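Chain by chain, the residues run as shown.
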Amino acid sequence: QVQLVESGGGLVQAGASLRLSCVGTGRTFSDYAMGWFRQAPGKEREFVAAIDWSGGSSFYADSVKGRFTISRDNAKNTVYLQMNSLKPEDTAVYHCAAAFEPAGTPQFYDYWGQGTQVTVSS
């Protein structure tokens, strides 16, 4: 089991960059694949990116390919989401999550952070 806490969200203009962080408080962080999801008000939670337990493999939603990069530092129990060239449609609450294997659907994730708000103005 792991507890996750996100940070790094904020209000930025279109074209700006943000880096989100997600810190796991458990001792087994490296056992899990990690993912980032986002959810806008009234909309279904959407997959953004995922990374395997070692950081050697990652994949992204088509909407963020080429703009977002997921990475992890297991020594710090932290996963990151570097977001560049932000667009207004990226506005959402961003959640990190832990799973036994990387996946693009939320059903595969067992643990979730509280979320951090990202707002991108036009």
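Residues numbered from 1 in each chain as written. Predicted model: local features only at pLDDT ≥ 70, side-chain atom pairs only at ≥ 80, totals over all residues. Heavy atoms only, no water.

Things to note about the overall build of the chain
No. 1: Each helix and strand in the chain was counted, giving zero helices and eleven strands.
No. 2: The linear arrangement of helices and strands in the chain, starting from the amino end, is β-β-β-β-β-β-β-β-β-β-β.
No. 3: Whereas a compact globule of 122 residues would reach a radius of gyration of roughly 14 Å, the chain reaches 13 Å, a difference of no more than 12%.
No. 4: In the structure as shown, the chain presents an accessible area of about 6200 Å², 49% of it carried by carbon and sulfur atoms. (Helix = DSSP H or I, 4+ residues; strand = E, 2+ residues; numbered from the N terminus. Rg over C-alpha atoms; globule rule 2.2 N^0.38 Å. Areas by Shrake-Rupley, 256 points an atom, 1.4 Å probe, with all protein chains shown as cover.)

Some words on the pairing of strand E5 (residues 46–51)
No. 1: In terms of burial, E5 is a largely internal element, five of the six residues being buried.
No. 2: With five bridges connecting them, strand E4 (residues 33–39) and E5 associate as antiparallel partners. The residue of E5 that forms the bridge with Arg38 is Glu46.
No. 3: The antiparallel hairpin formed by E4 and E5 contains six residues in its connecting segment, where Gly42 sits at a positive phi of about 75°.
No. 4: Here E5 runs beside strand E6 (residues 58–60); their pairing, made up of three bridges, is antiparallel. In the sheet register, Ala49 faces E6, and the bridge partner there is Tyr60.
No. 5: As consecutive antiparallel partners, E5 and E6 are separated by six residues, and within that stretch Gly55 has a phi angle of approximately 85°, a positive value. (Buried < 20%, exposed > 50% of the residue type's maximum accessible area, 1.4 Å probe, protein only. Pairing = 2+ DSSP bridges.)

Comments concerning the sheet that holds strand E3 (residues 18–24)
No. 1: Judged by pairing direction, the sheet is antiparallel, and its four strands sit side by side in the order E1-E3-E8-E7 without closing on themselves. The two strands at the open ends of the sheet, each matched to only one other strand, are strand E1 (4–7) and strand E7 (68–73). Sheet twist, expressed as the mean angle between neighbouring strand axes with direction ignored, is 15°.
No. 2: Sheet topology places E7 next to strand E8 (residues 78–83); six bridges connect them, and they run antiparallel. If you follow Phe68 over to E8, its bridge partner there is Met83. (Axes fitted to C-alpha atoms, helices over the stretch in contact; angles between N-to-C directions.)

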